[in-house]
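Examination of the molecular architecture
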Amino acid sequence: MSEIFLKILNMSLVSSMLIMVLVILRPLLRKAPSSLSCALWGLVGIRLVCPFTFESFLSLIPEPEPVSKEAFAAMGAIASDAEQIHTGSVANIVSNTLASPAGASINPMQAISLVAAFIWAVGVAVMLIISLVSYLRLNKTLSASLTTDGFVFINDNIPTPFVLGIIKPKIYIPSTLGEYEKAYVIAHENAHIKRRDYLFKPLGYLILSLHWFNPLVWVAYILLCRDIEMACDERVVQFMELSERKEY
């Protein structure tokens, strides 16, 4: 498990630089289509799950593994040696260095990595359990929905419209919407379906679950969700007249 966590940690550290670059450049991309920002976040997502680094002269971080198993072992050896120096056992340092590691005790950094890997695994499990419980509760709430034209459903207990489903996504809208608003809301949700956002957002949450310990990944996920909504709005209004855009 510690090796898996180490790979996730390295991918997270390398991707953090890319996230910071995109956040810094974000004001310069305000006039660009939001779909471009979504594509850039997609590159971040690929980097967060890809264990390989393609080095080049344009690479922001040339080191593919900022934290390696060898580094942990070296840090543990240094910590052990420092402790022995503090106690004045210089001879023990030489003997431990030359001695066979067969009967050696666990490296302190290895112990730390094992504990960190366990905490990471628990965090991933919590994230997935929260999403599963939320889905089951939402599914129970939606069981009382009424259909209008086959894939659009009206529900009394939801505050906002959304798309739900993987194979056959459906649109759910609150019953409080007026007839004038429904057309625009359904058009927006249809844009989500055409853009396959009902697949990308859960995938983004799954990646976030793997990197829950990295605050920059949370920032990337939040900005991705915002850009997805803006990209849908842009898709809906692109063929509208100016008056319709104002109404929308």
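All figures in this text were calculated on a predicted structure; none of them were measured in a lab.

**A word on a nonpolar patch on the surface**
Taken together, the side chains of M1, V115, F118, I119, V122, V126 and I130 present a nonpolar region at the surface, about 660 Å² in accessible area. Mapped onto the elements, F118 comes out in helix 5 (residues 108-142). F118 sits in the exposed class, given a relative accessible area of 55%.

**What about the sheet that holds strand 3 (residues 162-164)?**
Strand order across the open sheet formed by 4 strands is 1-2-4-3, with mixed pairing between neighbours. Because the sheet does not close on itself, it has two edges, and the strands there are strand 1 (146-147) and strand 3. Across 2 bridges, the pairing between strand 1 and strand 2 (residues 152-155) is antiparallel. Within the sheet, the bridge partner assigned to L146 lies in strand 2 and is I154.

**Re the nonpolar core**
Counting 17 residues, the largest nonpolar core has I19, W41, V44, L48, L208 and V217 as its most contacted members. For this core, the elements supplying multiple residues, two or more each, are helix 1 (2-25), helix 2 (34-49), helix 7 (197-210) and helix 8 (215-237). It is helix 8 that contributes the most residues to this core, 8 residues altogether. If we ignore the near neighbours within four places in the chain, the residues touching I19 are W41, V44, L216, V217 and A220.

Rules used throughout
- Residues numbered from 1 in each chain as written.
- Predicted model: local features only at pLDDT ≥ 70, side-chain atom pairs only at ≥ 80, totals over all residues.
- Heavy atoms only, no water.
- Patch = residues over 30% accessible without salt bridge, like charges linked within 9 Å, V, L, I, M, F, W, Y side chains within 5 Å.
- Areas by Shrake-Rupley, 256 points an atom, 1.4 Å probe, with all protein chains shown as cover.
- Salt bridge = Lys/Arg side-chain N within 4 Å of Asp/Glu carboxyl O.
- Helix = DSSP H or I, 4+ residues; strand = E, 2+ residues; numbered from the N terminus.
- Buried < 20%, exposed > 50% of the residue type's maximum accessible area, 1.4 Å probe, protein only.
- Pairing = 2+ DSSP bridges.
- Core = buried A, V, L, I, M, F, W, Y, C linked by side-chain atoms within 4.5 Å.
- Contact = heavy atoms within 4.5 Å.

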